[in-house]
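Examination of the molecular architecture
These are the residues of each chain, in order.
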Amino acid sequence: MDTQATEVVMHELSYLDAVARMLCAMVIGIVVGVERGRNHQPAGMRTHMLVALGACVTMVVSNFLFVEFRPLGATPDPARLGAQVVSGVGFLGAGTILREGLSVKGLTTAASVWAVACLGLAAGAGYYAIALTGAAAVYAILTVFEVLQRKMNVRRHATLALSMQCSDLAGVIHDLNRFSVQQNATLSHVQFDETNTHGIYQLSAVAVFRGGHPQADQAVFLEKLGGNPNLKKLETTQY
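Owing to the predicted nature of the structure, the values given are computational and were not obtained by experimental measurement.

Attention now moves to the overall build of the protein chain. When helices and strands are tallied, the protein chain shows eight helices and six strands. In sequence order, the protein chain lays out its α and β elements as α-α-α-α-β-β-α-α-β-α-β-β-α-β. Counting all 239 residues of the protein chain, 35% fall into the buried class. When contacts within the protein chain are restricted to residue pairs at least 6 apart in sequence, long-range pairs at least 24 apart make up 70% of them.

Okay, structure coming up:
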């Protein structure tokens, strides 16, 4: 009985229905892609539209293949091609992930590409309500929850970019590591080079304070670091 009901639904799928599903998938790509493009992410509106449309077309073609070959005695699985999309789109998402020093960027965009592919499959299967509701939910996650996450991060940590000039590179780096441990800070992006000016070195780093009182820890850290006699110049930028 379930098989007969499925076949009826499959036979009712016309080319006009297929076009409507593809348009729905494109709308999903626009909704998510515009937000990503506005934030200058590697995958923007066109990329998300193509992913959603491609996933939708895959599902629509699966439906047509099921209807066409089922009467011939074959037992095609209409979900098989869609399953390949879910796993295969991971390669595309990996292209949006960038590594900068010790930090990784683009994970959210990679997740949005994967989510758009899944929503495209839902649109291709004719589940318009699920597809459009999912698109709205993804957009809310990328916008509303981003603001909430930033507010939470402000309360929990403070980020400070350091730019220094010193005569004793090893000594300053030693103090930099020692004081960061004492004040609950994590160092990253530590870089240095010689300025060719009387043995003066240019040193830069990023310190993230994650203790219970990040602002106070940051102030003590700067006071201790500034007491090093070999530190000729210290500039900071607060994130």
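Bringing the sheet that holds strand S6 (residues 231–238) into the picture now. Pairing is antiparallel across the open sheet formed by four strands, whose spatial order is S4-S5-S3-S6. Looking at which strands have only one partner, the edges of the open sheet turn out to be strand S4 (185–194) and S6. Neighbour-to-neighbour, the strand axes of the sheet open up by a mean angle of 15°, direction not taken into account. Two elements, strand S3 (residues 158–166) and S6, share seven bridges in a ladder whose sense is antiparallel. Paired with Ala161 across the bridge in S6 is Thr237. The strands touched by helix H7 (residues 169–182) are S3, S4, strand S5 (201–209) and S6; relative to S4, the strand with the most contacts, the crossing angle is about 170°.

Turning our eyes to something else, we now look at unusual backbone geometry. Its identity is not glycine, yet Asn184 carries a phi of approximately 60°, on the positive side. Of note, Asn184 is situated in the loop between H7 and S4. Its relative accessible area of 42% is what places Asn184 among the partly exposed residues. Its identity as a non-glycine residue notwithstanding, His189 has a phi of 55°, on the positive side. Looking at where His189 falls in the secondary structure, it is placed in strand S4.

Pairing between side chains of opposite charge can happen when their charged atoms approach one another. The final tally for this structure, using the stated rule, is three salt bridges. Between Arg178 and Asp175 there is a salt bridge; the shortest N-O distance is 2.9 Å. Taken as a pair, Arg178 and Asp175 lie in helix H7 at a separation of three residues, close to a single helical turn. For Asp175, a relative accessible area of 11% puts it in the buried group. Notably, a salt bridge pairs Glu235 with Lys233, separated by 3.2 Å at the nearest N-O pair.

To continue, consider helix H2 (residues 15–38). The first and last C-alpha atoms of H2 sit 34 Å apart over 24 residues, in line with the 34 Å expected at 1.5 Å per residue. Of all the bends in H2, the largest measures some 25° and sits at Val32. Along H2, the positions that sit buried rather than exposed are Ala18, Arg21, Cys24, Ala25, Ile28, Gly29, Val32, Gly33, Glu35 and Arg36. Within two residues after H2, His40 carries a phi angle of roughly 55°, on the positive side.

With that settled, consider the confidence of the model for the protein chain. Scored by pLDDT, the protein chain comes out at a mean of 82, with 84% of its residues at no less than 70. When the criterion is pLDDT under 50, residues 1–10 qualifies, and its contacts beyond four places in sequence or with other chains add up to eight contacts.

With that settled, consider the environment of Asp168. Here Asp168 lies in the loop between S3 and H7. Take Asp168: its relative accessible area is 32%, and that puts it in the partly exposed class. A distance of 3.3 Å separates a polar side-chain atom of Asp168 from the backbone nitrogen of Gly171.

Here H7 spans 20 Å end to end across 14 residues, near enough to the 20 Å set by a 1.5 Å rise per residue. On the buried face of H7, the contacting elements are S3, S4, S5, helix H8 (214–226) and S6. Following H7 by one or two positions, Asn184 adopts a phi angle in the positive range, close to 60°.

In this section: the packing of aromatic side chains. The tally for this structure, following the rule as stated, stands at two aromatic pairs. Aromatic side chains Tyr15 and Phe64 sit 5.3 Å apart centroid to centroid with 25° between the ring planes, which places their arrangement in the stacked category. Of the two residues, Tyr15 is situated in helix H2 and Phe64 in helix H3 (residues 45–69); the sequence distance between them amounts to 49 residues.

Conventions used here
- Residues numbered from 1 in each chain as written.
- Predicted model: local features only at pLDDT ≥ 70, side-chain atom pairs only at ≥ 80, totals over all residues.
- Heavy atoms only, no water.
- Helix = DSSP H or I, 4+ residues; strand = E, 2+ residues; numbered from the N terminus.
- Buried < 20%, exposed > 50% of the residue type's maximum accessible area, 1.4 Å probe, protein only.
- Contact = heavy atoms within 4.5 Å.
- Pairing = 2+ DSSP bridges.
- Axes fitted to C-alpha atoms, helices over the stretch in contact; angles between N-to-C directions.
- Salt bridge = Lys/Arg side-chain N within 4 Å of Asp/Glu carboxyl O.
- Expected span 1.5 Å × (residues − 1).
- Bend = angle between axes of the 7 residues up to and from the residue.
- pLDDT = per-residue confidence, 0-100.
- Polar contact = N/O pair within 3.5 Å; in protein donor to acceptor, adjacent residues only side chain to side chain.
- Phe/Tyr/Trp six-rings, centres within 6.5 Å; stacked < 30°, edge-to-face > 60°.

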